[in-house]
Amino acid sequence: MNMEKKTVMITGATSGIGEACARKFAQGGYNLILTGRNSERLNAVKAAAEALGAEVLVLQFDVRHREEAESAVASLTGKWSNIDVLVNNAGLALGLEKEYEGDMDDWETMIDTNIKGLLTMTRLIVPGMVARDHGHVINIGSVAGDAAYAGGNVYCATKSAVKTITDGLRIDVAESNVRVTNIKPGLVETNFSVVRFHGDKDHADNVYKGIKPLCGDDIADVVFYAASAPEHVQIAEVLVLATHQANGSFIYRKPQ
Ligand code: NDP
Ligand code: 8X3
């Protein structure tokens, strides 16, 4: 039997959770649309996914640039325009300063990427899902969206917005078979902390001292599980924490 493969679009597929999702969905028999800013990294992830049997299309753009996103999505034709799953993953934290000392450019970058970029992709992709009466939007939120932690202020607010935007979309598509999921990871060891601390690798490594953090594959497994549930089952929200993390603020670290 020649079953048509499903297609997943993953934003921020060049690293960490997005890259792990690319591998997982390739292994799971999907074709992939990988989006990101770094074409060299996109092509490396593409080659790895093709080696796992997926057909892969790469779209290079920055989710903060609405026109780039619009023309990338408009370039999709044929089977590539029928997206079954959108994983809104592109995102970042910058800084851990007190709110009254924070860098306003960092705030703008986080808000433009984590909130406005996610909304742009949702606005561009979901109409097709509604028209086909089929699809799944999986947003990568965070435990940070549940409550603020020290220095988290604006980043936590963006992930809180992801929760509300996800819940709002779920209401707006409830008449259709489109499903909407918010996956909320805790500590995941990726490039996330290196980016947060503006390239300071030692500082980033300290975040994961004394605890075994999650890895990108742990989150990709949960994303794929949600996407694989029967169509009448909507995994609305999942909080995924390392075993020694209790919430955004409380982490038990083994003495070194
Ligand atoms: P990484 O830094 O490893 O990956 C982030 C990805 O997002 C990269 O591919 C990055 O691309 C991309 N990205 C960032 N800004 C943009 C942009 N403007 N346009 C397009 N792509 C962009 O971190 P993670 O894999 O950990 O992060 C993925 C998501 O998971 C984020 O939304 C993050 O907030 C969330 N998350 C992470 C947790 C963690 O502890 N790691 C926990 C909870 C949630 P580039 O290399 O070009 O910057
Ligand atoms: C990423 C997890 O705890 O660093 O969203 O905010 S945390």
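Conventions used here
- Residues numbered from 1 in each chain as written.
- Chains lettered and ligands numbered in written order.
- Predicted model: local features only at pLDDT ≥ 70, side-chain atom pairs only at ≥ 80, totals over all residues.
- Heavy atoms only, no water.
- Helix = DSSP H or I, 4+ residues; strand = E, 2+ residues; numbered from the N terminus.
- Expected span 1.5 Å × (residues − 1).
- Buried < 20%, exposed > 50% of the residue type's maximum accessible area, 1.4 Å probe, protein only.
- Contact = heavy atoms within 4.5 Å.
- 1 Å grid on protein atoms, 1.4 Å probe; cavity = no way out; pocket = protein on both sides within 12 Å on 5 of 7 lines; lining within 4 Å.
- Points joined across faces, edges and corners; volume = space filled by probe spheres on them.
- Nonpolar A, V, L, I, M, F, W, Y, C, P; charged D, E, K, R; others polar.
- Patch = residues over 30% accessible without salt bridge, like charges linked within 9 Å, V, L, I, M, F, W, Y side chains within 5 Å.
- Areas by Shrake-Rupley, 256 points an atom, 1.4 Å probe, with all protein chains shown as cover.
- Salt bridge = Lys/Arg side-chain N within 4 Å of Asp/Glu carboxyl O.
- Lys, Arg positive; Asp, Glu negative; His and termini not counted.
- Charge placed at Lys NZ, Arg CZ, Asp CG, Glu CD.
- Near = heavy atom within 4 Å.
- Polar contact = N/O pair within 3.5 Å; in protein donor to acceptor, adjacent residues only side chain to side chain.
- Sits in = over half its atoms within 2 Å of the grid points.
- Axes fitted to C-alpha atoms, helices over the stretch in contact; angles between N-to-C directions.
- Parallel < 35°, antiparallel > 145°, perpendicular 65-115°, else oblique.
- Left-handed = near helix turned anticlockwise from the far one by under 90°.

### Observations regarding helix H1 (residues 16-27)
Then step 1. Taking 1.5 Å per residue, 12 residues should reach 16 Å; H1 reaches 17 Å between its end C-alpha atoms and fits that length.
Then step 2. Looking at H1, one finds that the buried residues are Ile17, Gly18, Ala20, Cys21, Ala22, Phe25 and Ala26.
Then step 3. In this fold, the buried residues of H1 make contact with strand E1 (7-10), strand E2 (31-36), helix H2 (39-51), strand E4 (85-88), strand E6 (178-185) and helix H8 (216-228).

### Let's talk about empty space enclosed by the protein
Then step 1. Scanning the entire structure with this criterion turns up 2 cavities of 30 Å³ or more.
Then step 2. Roughly 70 Å³ of volume is contained in the largest cavity.
Then step 3. What lines the largest cavity is a set of 15 residues, and nearest its centre among them are Leu94, Glu97, Trp107, Met110 and Asn153.
Then step 4. Listing elements by their share of the lining of the largest cavity, those giving two or more residues are helix H4 (104-132) and helix H5 (153-172).
Then step 5. For the second largest cavity, the calculated volume is near 40 Å³.
Then step 6. Lining the second largest cavity, in full, are Thr11, Val63, Asn88, Asn89, Ala90, Thr113, Gly117, Leu118 and Met121.
Then step 7. For the lining of the second largest cavity, the residue count by class is 4 nonpolar, 5 polar and no charged.

### Quick notes on a negative patch on the surface
Then step 1. Side chains of Glu97, Glu101, Asp103, Asp105 and Glu108 sit close together on the surface and give a patch of like negative charge.
Then step 2. Counting through the fold element by element, Asp105 comes out in helix H4.

### Points about the site of ligand 2
Then step 1. The immediate surroundings of ligand 2 are formed by Ser142, Ala144, Tyr149, Tyr155, Gly186, Phe192 and Arg196.
Then step 2. One nitrogen or oxygen atom from the side chain of Ser142 is found 2.5 Å from an oxygen atom belonging to ligand 2.
Then step 3. Tyr155 is positioned such that a nitrogen or oxygen atom in its side chain is 2.6 Å from an oxygen atom of ligand 2.
Then step 4. Protein chains shield 88% of the accessible area of ligand 2, which is 240 Å² for the free molecule.
Then step 5. Put simply, ligand 2 lies in the largest pocket.
Then step 6. For the shell around ligand 2, the per-class residue count stands at 4 nonpolar, 2 polar and 1 charged.

### Here we look at the packing of H1 against H8
Then step 1. Between H1 and H8, the least distance of the axes is 8 Å, while the angle of their chain directions is 55°. Judged by the angle between their axes, H1 and H8 are oblique. Both H1 and H8 take part in a crossing whose hand is right-handed. Between H1 and H8, the residues in contact are Gly16, Ile17, Ala20, Cys21, Arg23, Lys24 and Phe25 and Gly216, Asp217, Ile219, Ala220, Asp221, Val223, Phe224 and Ala227, respectively.
Then step 2. In the contact of H1 with H8, the residues fall into 9 nonpolar, 2 polar and 4 charged.

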